Structure formats: structure tokens, C-alpha cells
Amino acid sequence: MATAALLPISSFLLCLALAGGTEEARQTVGAYKLQNKKGDFSIVVTNWGATLMSVILPDSKGNLADVVLGYDTPAKYVDASSAFGTVVGRVANRIANGSFVLDGKTIRLNKDGTTVLHGGHRGFNRVIWTVKEYVPGGDSPYITLYYHSFDREQGFPGDLDVYVTYQLCCGPYELRARMNATALNKATPVNLANHAYWNLAGDGSGDVLGHLIRVFASRCTPVDASMIPTGEIAPVSGTPYDLRAPTLLGSRIKHVSGAGMAGFDINYAVDGDEFGFRQVAYLRDPASGRALELWANQPGVQLYTSNWLNNVKGKGGRVYGQYGAVCLETQAFPDAVNHPNFPSEIVRPGGVYQHDMLFKFSF
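About the criteria used
- Residues numbered from 1 in each chain as written.
- Predicted model: local features only at pLDDT ≥ 70, side-chain atom pairs only at ≥ 80, totals over all residues.
- Heavy atoms only, no water.
- UniProt positions renumbered as here; feature names shortened; annotations may be inferred.
- 1 Å grid on protein atoms, 1.4 Å probe; cavity = no way out; pocket = protein on both sides within 12 Å on 5 of 7 lines; lining within 4 Å.
- Buried < 20%, exposed > 50% of the residue type's maximum accessible area, 1.4 Å probe, protein only.
- Contact = heavy atoms within 4.5 Å.
- Points joined across faces, edges and corners; volume = space filled by probe spheres on them.
- Helix = DSSP H or I, 4+ residues; strand = E, 2+ residues; numbered from the N terminus.
- Nonpolar A, V, L, I, M, F, W, Y, C, P; charged D, E, K, R; others polar.
- Polar contact = N/O pair within 3.5 Å; in protein donor to acceptor, adjacent residues only side chain to side chain.
- Core = buried A, V, L, I, M, F, W, Y, C linked by side-chain atoms within 4.5 Å.
- pLDDT = per-residue confidence, 0-100.

**Q** For this particular structure, what's the right way to read the UniProt feature "binding site: beta-D-galactose" (unreviewed entry) in the chain?
**A** Cross-referencing UniProt, the feature "binding site: beta-D-galactose" (unreviewed entry) maps to Asn93, Arg94, His195, Ala196, Tyr197 and Asp265 in the present numbering. Those annotated residues that line the largest cavity are Asn93 and Arg94. Looking at His195, the relative accessible area reads 6%, which means it is buried. Not counting chain neighbours up to four residues away, the residues in contact with His195 comprise Ala83, Phe84, Gly85, Thr86, Val88, His118, Cys327 and Glu329. Apart from residues lying up to four places away in sequence, Ala196 is in contact with Leu52, Val68, Gly85, Val326, Cys327 and Leu328.

Shown next as C-alpha cells:
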């Protein structure tokens, strides 16, 4: 396994003293770079929250830009409340009332308000992961991170071993992300998601209202005022949520809303086999020519247009404003534990959760 070096070459190291147990008494946070042989496509990952810190690639004229929002150093991620690029879990998205019934037993989670969002106050995006393997270059550079989630962490039942791998592979400008989780001793819900904020014009370049988007879904899961699904899986045909043909985001942004704010914040039921690997979405910035195809094997994808992003100071001092990025979070349906008609996210002891994503870039 390769060792870390200083950013921007490969890694910035930060030692953290954490409360709550001798195993986490002192751990190191780093930033790890993967780069293709040509040198024009790279990512940076930190083991704080298994976070995707940057994705740098060319535009149609060969100009390089970072196309995900975030911060310059791991320390900024540790201090921030934002989920920029993180892996969220044990259960991504919302769980109504912070509780659910599993095998006849009521499970009560550590609530933050009236619900639990992205696994709770100390979800997987707020912990240090262990770097298990790191190959920064060559034909298929990759990094694998590991986290052990203990029984009753944030209230969730059972011990869980979790692995996340980021890899440049398969095509000249393709990023693969693989998430696996094994339930060791109790049945538990598992729903991991990557929360990257994409702006294909470059982070901090302005809003994404000029981006074209296509979502391969003919249904979505409507929500109530608390952003909890009603249980309905509704057709999008004839509504502003219908993105089955390439659509300018700016043409729809004022016709949809989430939690009272204009913009997309909705889970789509992706067409095809619920757990089959298929295309989920397409995103393109006409000005730069950069485009992204997203493929995954999850039942849903949360489309979020950064409605609540409000002048956050990010990389290089650039300021991120409302609609400054698009999130495409492949996932199980929100609050699936409380809706028997939704695809199950329960993993039984010895069972393995698998979530594969492929980001295909072009320009």
C-alpha cells in the first residue's frame, strides 16, 4: 500500500483526538490522490467520511477544472457541517420519527429533531475510516476504506463492517465507486449514498441552471411537508418532475420544491430491475461540453439541486450559492424501513449489502 504525501501530490495528514473509546483515541485523517497516466483526470479522497474531495477533468478545449464542490483540506471537512462528497449512512436520507419496527421490535434511533437524516448526528460522514489499500497511479488506481460500525451506533442494531472503494478504471475518464457492508450479528437496515455536489462547469463557477439533466425514471416517491415519503410511488408523466428527456434545469427549478424551497429534492424510482446495474441519470454542461453518465444498482436516486446552499466558502475561497450544484444520490427509497411497499433495505446476519456506481465523464 502506498504511503501518503502532501497535497496536491497525494495527501494532507491531520491527527485527531476523539472521545468515546480507546480504539478511536487518536487517528489520522489524510487526503489521497488518484490520477490517470495522462495526468488530466484525477480525484482526491479523504478518509474523513470516505469523502470525495475533488474530481478534476478536462472540458472540450482541454481546460482542467474541479467539478465537485468542497474544501481545500481535510481539516475543513472535519470542522464543517456540510455533507460535500461524503458517504452517508448507516441509512442515507430520512427515517420518520427516528424509529421503525424490525422483526416485531421497535428500534429507536438517536433523533435530531423529529427525524433521523443520513444516519444521525454522527453518521458515517462524521467518522474516520481506515485506509486499507491505496494505489495512487498505474492503469487502475484505487483506494479502499474501511469502517466498523458498532452495535447501537446512533441506535442502529448490530455490528456492521463497511468498505468503500474509489477507482479510476474501465474507460479513460471513468470513476467507479463500490460500497459493501456485511451485517455481522443482527438484522439491520443499510442504505449508503455518496453525497457529491456536481457542477460540471467547475466548482464555484455559478449556478447549474444551464445544465441539461435526464433521469431514467418514470416514477418518484412524493413527500409530505417534513420531507417524509407518503408511501406512494407516483408516475412523473405530466408533472414538472418528468425528466425522462434531456431538460434544462432552469426551466423546471421554480416549478418544483422541497421543504418549502424551490428546487428539486425528490427520490426517483429508477426504471428497470430494482437492483440491476443500469443507467440512472445524465448531466451535461453545454458551455464546457462536460457530461456525466451515472450508472448504479440501487432502486432510487435522490435529485437535489442545492436549494439550501447559501454562500458557503469553499475551495480557493470560492463562494457556493443557491443552485450551485446537483446531487445525484443513488440509494434505497427514503424511509423504506417504514413502508413495506418500498424495496427492502434490511440486511440479515451474514448478508452483504452491495452498492456499485459508475461515473462516465465525457467532454
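**Q** I would appreciate a short explanation of the layout of surface pockets in the present structure.
**A** It is a probe the size of a water molecule, rolled over the atoms, that shows where empty space is left. As a volume, the largest pocket reaches approximately 840 Å³. Lining the largest pocket are 28 residues, with Ser81, Ala83, Leu117, His118 and His195 sitting closest to its centre. Only strand 11 (115–117) and strand 27 (300–304) provide two or more residues apiece to the lining of the largest pocket. For the lining of the largest pocket, the element with the most residues is strand 11, which contributes three residues. Of the residues belonging to the lining of the largest pocket, the class tally is 13 nonpolar, ten polar and five charged.

**Q** Can you walk me through the side chain of Asp161 in this structure?
**A** Mapping Asp161 onto the fold places it in strand 14 (residues 160–168). Reaching out from Asp161, the side chain makes a polar contact with the side chain of Tyr146 at a distance of 2.7 Å. At 2.8 Å, the side chain of Asp161 and the side chain of His148 are in polar contact. Filtering out sequence-adjacent residues up to four positions away, Asp161 remains in contact with Tyr146, Tyr147, His148, Asn180, Ala181, Thr182 and Leu184.

**Q** When you look at the nonpolar core in this model, what are you seeing that I'm missing?
**A** The tendency in soluble globular proteins is for nonpolar side chains to be buried as a group. Val55, Trp129, Tyr166, Trp198, Phe264, Tyr268 and Phe361 are the most contacted members of the largest nonpolar core, which totals 68 residues. Contact partners of Phe361, with chain neighbours within four places excluded, come to Phe41, Val55, Leu57, Tyr173, Leu175, Trp198, Ala291 and Leu292. Residues Tyr77, Val78, Ala80 and Cys327 belong to the second largest nonpolar core, which totals 18 residues.

**Q** It is not clear to me how the confidence of the model for the chain should be interpreted in this structure. Could you clarify?
**A** Low-pLDDT portions of the prediction should not be read for the details of their coordinates. Here the chain shows a mean pLDDT of 93. Residues at 70 or above account for 93%. Confidence drops under pLDDT 50 across residues 17–25; counting only partners more than four residues distant or on other chains, this segment forms eight contacts.

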